[in-house]
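Architecture at a glance
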Amino acid sequence: MLRPALRGTFSRWRRLVLSGLAVVLGVMFVSGALVLTATLGGSYTDTAKRAHAGTDVSVGPGETISAAGVPAALVDRLAGIDGVASVTGVVSADGARLVGADGKVVASPDAPRLGVSWPGQARSVQMRAGRGPQRDDEVAISTTLAAAAGVRVGDRVAVLTLRPKQSFTLVGTFDFAEPAQQVVAFTEPVAQTLMLGTPGAFSSIAVTARDGVTARQLRERIAGVLGAGFRVRTTDQVVQAESAARGRSLGLTGDLLLGFAGVALFVGAFLILNTFSMLVAQRTRELALLRAIGASRRQLVVSVLAEAAVVGLTGSVAGLAAGVGVGALAAGASVVLPASAVLGAFAVGLLVTTAAALPPAVRAARVPPVAALRDTAAPERPLTRLTVAGAIVLTAGAGLLGFGLATASTSAPALVLGGVPLAFLGVTMLTPALARPAADLLGRGLGWSVPGRLARLNARRNPRRTAATAAALMVGVALLAGISTVFVSATASVSRLVADQVKADFVISGDANGSGRAGFDPAVLAAATALPGVLNVSGLGESGAVIDGQPAYVETVTDLPALRDMLSLTAAVGTLGQLADDQILVDQRSITATGPHVGDRVTVRLPRGESRQFTLTGVYTNTDLINGWLLPASAASGFKQALPSRAFIRLAPGADAGTARAQLTALLADSPEVGVSDRSEYTAQENAKANRILRIVQILLSLAVVIAVLGIANTVALSVLERTRELGLLRAVGLRQVQTLLMTAAEATVIAVFGALLGTTVGVGLGAATVKALRQQGVTELSIPFHQLLAYLGLAALVGAMAAIPPAARAARLNILTAIAHD
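Residues numbered from 1 in each chain as written. Predicted model: local features only at pLDDT ≥ 70, side-chain atom pairs only at ≥ 80, totals over all residues. Heavy atoms only, no water.

Another aspect to go through is the overall build of the protein chain. Looking only at helices and strands, the protein chain has 23 helices and 26 strands in total. Sorting the 823 residues of the protein chain into buried and exposed places 49% on the buried side. When contacts within the protein chain are restricted to residue pairs at least 6 apart in sequence, long-range pairs at least 24 apart make up 81% of them. Carbon and sulfur atoms provide 60% of the accessible area of the protein chain, an area that totals close to 36000 Å². (Helix = DSSP H or I, 4+ residues; strand = E, 2+ residues; numbered from the N terminus. Buried < 20%, exposed > 50% of the residue type's maximum accessible area, 1.4 Å probe, protein only. Contact = heavy atoms within 4.5 Å. Areas by Shrake-Rupley, 256 points an atom, 1.4 Å probe, with all protein chains shown as cover.)

So, in structure tokens, the structure goes:
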């Protein structure tokens with residue numbers, strides 16, 4: 001049976017092309033994600049190896065939170081250890097931002113912006129022009145950074161670091177270990193001050209072993225001498241750690257792409273299922289003849305699955321090739337093809353196609369030999385069992401959703417997340433039962449014409465086929481509608497929060513960079529307070545910390561009473577007065593039932609200095625405007641960046657806002673990463689990240705919609721082939737070519753609108769349930785994006801009609817006599 005199956009596959013290849021294309025797109029995402037992560041992961045490892053070439057052991061601070069580095073005196077101590085050939089202090093830290101020739105900070109969204117001490121003629125550096133810095137007012141920069149900034153050797157350039165903006169003379173450009181890396185090289189004392197904030201310190205110390213001493217042996221000797229106060233690692237361990245750190249964000253990108261690949265393949269499974277169901281129905285007589293001449297049921301199942309395997313294999317090969325190309329293009333480096341990409345491509349492609357083709361294959365095996373004497377149309381199967389099963393699954397999903405939304409326990413989000421896919425699956429299973437009444441209802445809008453009435457009858461003729469086609473579009477539209485509802489509700493919640501609680505007239509805030517928000521000169525706060533018409537100014541700095549042994553997020557506040565009034569903060573326990581140097585506040589979500597409690601002493605370890613004891617004087621109610629622990633302004637000296645990163649400003653009644661804004665902007669002339677915003681602009685800034693994520697998700701999910709459109713085109717094309725004789729008879733009794741074309745296009749439009757309406761309804765419902773489940777996380781407003789939903793519906797109707805144009809044109813061009821004689 002294998003040979004007839006393959007011969008049949010190649011004879012029907014046009015009918016399987018669109019199904020294969022769905023596999024290609026899904027496999028492309030899977031293999032592309034794996035190739036991208038492997039290529040960039042290998043690139044990160046190679047870069048780290050080049051950066052640490054010539055080093056055997058690295059010595060750094062014992063605590064990862066520490067920003068002060070290691071003391072320079074440790075260099076001499078290490079040099080005296082047996083087996084050490086050379087010792088070099090290294091300053092290298094993220095956060096050196098160069099101001100370009102256009103007055104704007106050069107952006108680097110995908111990589112840190114390093115500030116380093118000039119390493120001289122190290123293996124990781126190759127000079128391209130000029131020389132290295134020799135004086136404290138000189139810098140050299142990487143050639144990539146020089147090109148992006150539009151500066152040349154001899155220019156005066158400004159650099160932002162842990163300190164406010166400073167100017168230097170550019171004396172050289174060089175290639176770094178990673179060609180695309182933005183690097184600013186200072187003299188050693190300047191790098192220590194600007195990048196570490198600690199003169200006479202290094203971020204790490206590089207140690208080279210003498211001949212005959214291995215890196216592992218040297219590490220053990222150094223660790224034995226230094227004790228537990230320092231982190232001693234071999235170069236291999238450092239490379240592995242740095243690659244893993246860079247790879248974590250890359251892993252999230254890969255997981256995201258794999259998630260969308262799963263959606264694409266899920267939608268494609270509907271297309272494949274529908275295609276093989278129609279092919280089996282059209283080949284009823286052929287399959288019955290095979291049974292009549294001795295083919296077993298098992299052989300028929302194998303023959304159908306063999307056709308599916310050919311489609312899956314071909315789609316996997318093409319998808320893998322496309323994925324390698326996409327991964328290489330995205331990585332911009334020599335491609336790495338991991339075995340997981342090859343195995344994943346073929347496993348996914350074959351699994352999806354054979355699994356989707358299995359139900360039609362089983363139905364093919366049930367064709368009795370006597371069917372060879374009947375018409376080729378397969379009898380319509382009842383929908384009772386499928387409808388009952390779908391109702392049970394939907395009820396179970398709705399029950400989980402309802403219980404999760406009604407309970408206040410910590411398991412509520414898990415219940416909601418479990419109920420969403422169950423409800424989704426239940427609706428999908430009920431789609432055939434909804435197809436006939438939905439086609440009747442939607443088709444009535446086209447009932448004023450003969451083609452419209454025929455299109456309505458055709459759409460309701462086979463509810464399983466209509467449902468499978470519409471369900472593919474439903475999945476994509478439902479995900480779009482649901483995710484849009486959640487994100488729009490989140491942004492609406494932020495807008496409502498700012499409108500209700502923020503009483504400040506202006507907000508000074510810095511752009512996010514690799515080490516947090518950009519800071520500005522603390523003198524700006526004092527100058528802003530002295531401006532005429534300014535009533536209150538409260539500045540905030542931010543940092544990571546360790547509190548009672550647990551990682552935490554902390555902020556310093558210069559004027560807590562003013563901040564309390566401007567952000568409508570309220571005390572849940574204790575008071576919110578001005579903080580003394582040894583006092584601390586915390587929000588409700590950051591503490592547990594076991595404490596700490598007001599009056600307790602907590603131990604705070606900041607990036608600089610020793611651990612300190614603070615007294616908890618109050619607990620403020622949860623708000624998304626600020627969160628975590630609040631410290632007095634004097635604690636900022638222990639932060640990695642001691643500069644404030646935000647400030648809230650309130651004007652006196654009657655003050656001119658335009659004048660005040662111009663004056664505040666002038667104070668920030670030396671801080672190009674920091675700006676002044678009013679409440680509406682501040683809201684837009686806070687929502688900008690969510691909006692960017694939503695746009696990316698919409699673009700990626702559009703792939704599922706594209707596959708669903710292919711499904712509509714495929715269904716209509718196979719339907720035209722199946723109804724060739726019927727179309728010939730209609731033409732014979734007077735149906736004109738243009739009416740035939742309109743009838744076919746209208747049928748596709750009805751299916752598309754049905755799928756889009758169902759997807760919109762399901763997506764909004766599940767999105768609303770998710771919003772309610774996220775109430776404790778600050779998503780308090782339900783906002784339905786009606787304009788986006790209307791756009792989805794209109795687009796669905798349009799693409800449905802456009803997808804039907806090629807098969808509709810074929811139907812209109814059928815020769816009447818040939819069509820009537822078609823078997």
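Quick look at the nonpolar core now. Counting residues in each nonpolar core, the largest one holds 93 residues, and the members touching the most others are Val267 and Leu473. In terms of nonpolar packing, the next biggest core, distinct from the first, is built from 41 residues, Val70, Val87, Ala201 and Val213 among them. (Core = buried A, V, L, I, M, F, W, Y, C linked by side-chain atoms within 4.5 Å.)

With twelve residues, helix α13 (residues 450-461) extends 17 Å between its outermost C-alpha atoms, agreeing within 8% with the 16 Å of an ideal straight helix rising 1.5 Å per residue. Looking at α13, one finds that the buried residues are Pro451, Gly452, Leu454, Ala455, Arg456, Asn458 and Ala459. (Expected span 1.5 Å × (residues − 1).)

Let us now look at empty space enclosed by the protein. Taken as a whole and assessed by the stated rule, the structure comprises three cavities of 30 Å³ or more. Looking at the largest cavity, the residues that line it are Asn458, Ala459, Arg461, Asn462, Arg465, Thr466, Thr715, Ser719, Arg723, Glu747 and Ile751. Those elements that place two or more of their residues in the lining of the largest cavity are α13, α14 (463-501), α18 (679-722) and α20 (737-773). Among the elements that line the lining of the largest cavity, the one with the most residues is α13, at three residues. For the lining of the largest cavity, the class distribution of residues is two nonpolar, five polar and four charged. (1 Å grid on protein atoms, 1.4 Å probe; cavity = no way out; pocket = protein on both sides within 12 Å on 5 of 7 lines; lining within 4 Å. Points joined across faces, edges and corners; volume = space filled by probe spheres on them. Nonpolar A, V, L, I, M, F, W, Y, C, P; charged D, E, K, R; others polar.)

In this section: the sheet that holds strand β1 (residues 57-61). Strand order across the open sheet formed by four strands is β3-β13-β1-β14, with antiparallel pairing between neighbours. The outermost strands of the open sheet, each flanked by one partner alone, are β3 (84-90) and β14 (230-234). Pairwise comparison of adjacent strand axes, ignoring direction, gives a mean angle of 20° for this sheet. Where β3 lies against strand β13 (residues 204-209), six bridges are found, and the strand directions are antiparallel. In the strand pairing of β13, valine 90 is matched with serine 204. In the packing of helix α6 (residues 215-226) onto the sheet, contacts are made with β1, β3, β13 and β14, and the angle to β14 comes to roughly 170°. (Pairing = 2+ DSSP bridges. Axes fitted to C-alpha atoms, helices over the stretch in contact; angles between N-to-C directions.)

Turning our attention to the environment of arginine 363. By secondary structure assignment, the location of arginine 363 is in helix α10 (residues 339-365). Put simply, arginine 363 and leucine 300 are 63 residues apart on the chain and 9.5 Å apart in space, counted from C-alpha to C-alpha.

Okay, the packing of α20 against helix α22 (residues 805-812) next. Running from N to C, α20 and α22 cross one another at 145°; their axes reach a closest spacing of 8 Å. Here α20 and α22 pass one another in a crossing that is right-handed. On the side of α20, the interface is formed by Gln737, Thr740, Leu741, Thr744 and Ala745, while α22 contributes Ala808, Ala809, Ala811 and Ala812. Grouping the constituent residues of the contact of α20 with α22 by class yields six nonpolar, three polar and no charged. (Left-handed = near helix turned anticlockwise from the far one by under 90°.)

The residue arginine 813 is located in the loop between α22 and α23 (816-820) in this model. In sequence terms arginine 813 and valine 738 are 75 residues apart; their C-alpha atoms lie 9.8 Å from each other.

The next thing to look at is the pairing of strand β18 (residues 534-547). Taken across its 14 residues, β18 has eleven buried, putting it largely inside the fold. With six bridges connecting them, β18 and strand β25 (residues 646-651) associate as antiparallel partners. Across the sheet, valine 537 pairs through a bridge with isoleucine 649, a residue of β25. Counting the residues between successive antiparallel strands, the hairpin from β18 to strand β19 (residues 550-557) contains two residues, one of them, aspartate 548, with a positive phi of roughly 50°. Taken together, the two bridges between β18 and strand β22 (residues 601-605) define a ladder with antiparallel strand orientation. Note on β22: the bridge partner recorded for valine 546 is arginine 605.

Moving on, we get to the side chain of threonine 234. Topologically, threonine 234 is positioned in strand β14. In contact with threonine 234, other than residues within four places in its own chain, are Asp56, Val57, Ala215, Arg216 and Arg219.

Bringing the pattern of salt bridges into the picture now. This structure, assessed with the given rule, holds 15 salt bridges. Of the charged contacts in the structure, one is a salt bridge between arginine 646 and glutamate 555, with a shortest N-O distance of 2.9 Å. Here the residue arginine 646 occupies a position in strand β25, and glutamate 555 occupies one in strand β19, the gap between them amounting to 91 residues. Under the relative-accessibility criterion, glutamate 555 is labelled buried at 1%. Ionic pairing is found between arginine 661 and aspartate 678, a salt bridge with its closest N-O pair at 3.9 Å. Note that arginine 661 is positioned in helix α17 (residues 657-667) and aspartate 678 in the loop between β26 (674-677) and α18, a separation of 17 residues in sequence. Owing to a relative accessible area of 23%, aspartate 678 belongs among the partly exposed residues under this scheme. (Salt bridge = Lys/Arg side-chain N within 4 Å of Asp/Glu carboxyl O.)

If you walk through the whole model with that rule in mind, you get three aromatic pairs. Between the aromatic rings of phenylalanine 168 and phenylalanine 186, the centroid separation amounts to 5.5 Å while the plane-to-plane angle is 65°, which identifies the pairing as edge-to-face. Placement of the pair is phenylalanine 168 in strand β10 (residues 166-175) and phenylalanine 186 in strand β11 (residues 182-186), with a sequence separation of 18 residues. We classify phenylalanine 168 as buried; its relative accessible area is 2%. For phenylalanine 186, a relative accessible area of 0% gives the class buried. (Phe/Tyr/Trp six-rings, centres within 6.5 Å; stacked < 30°, edge-to-face > 60°.)

Its location among the elements puts serine 117 in strand β6 (residues 113-117). Look at serine 117 and you get buried, because its relative accessible area is 9%. Ignoring sequence-local partners within four residues, the contact set of serine 117 consists of Gly89, Val90, Val91, Phe186, Glu188 and Ala191.

Before going further, it helps to examine the environment of leucine 535. Position of leucine 535 relative to the elements: it lies in strand β18. On the basis of relative accessibility, which here comes to 46%, the residue leucine 535 falls in the partly exposed class. Sequence separation between leucine 535 and alanine 655 is 120 residues, and the spatial gap between their C-alpha atoms is 9.4 Å. If we skip the residues at most four places from it in the chain, leucine 535 touches Arg650, Leu651 and Ala652.

On to the packing of helix α21 (residues 786-803) against α22, then. For the pair α21 and α22, the least separation of the axes is 5 Å and the interaxial angle reads 40°. The angle between the axes of α21 and α22 places the two elements in the oblique class. Every residue of α22 that contacts α21 at Ala801, Met802 and Ala803 is listed here: Ile805, Pro806 and Pro807. Taken together, the residues that form the contact of α21 with α22 break down as six nonpolar, no polar and no charged. (Parallel < 35°, antiparallel > 145°, perpendicular 65-115°, else oblique.)

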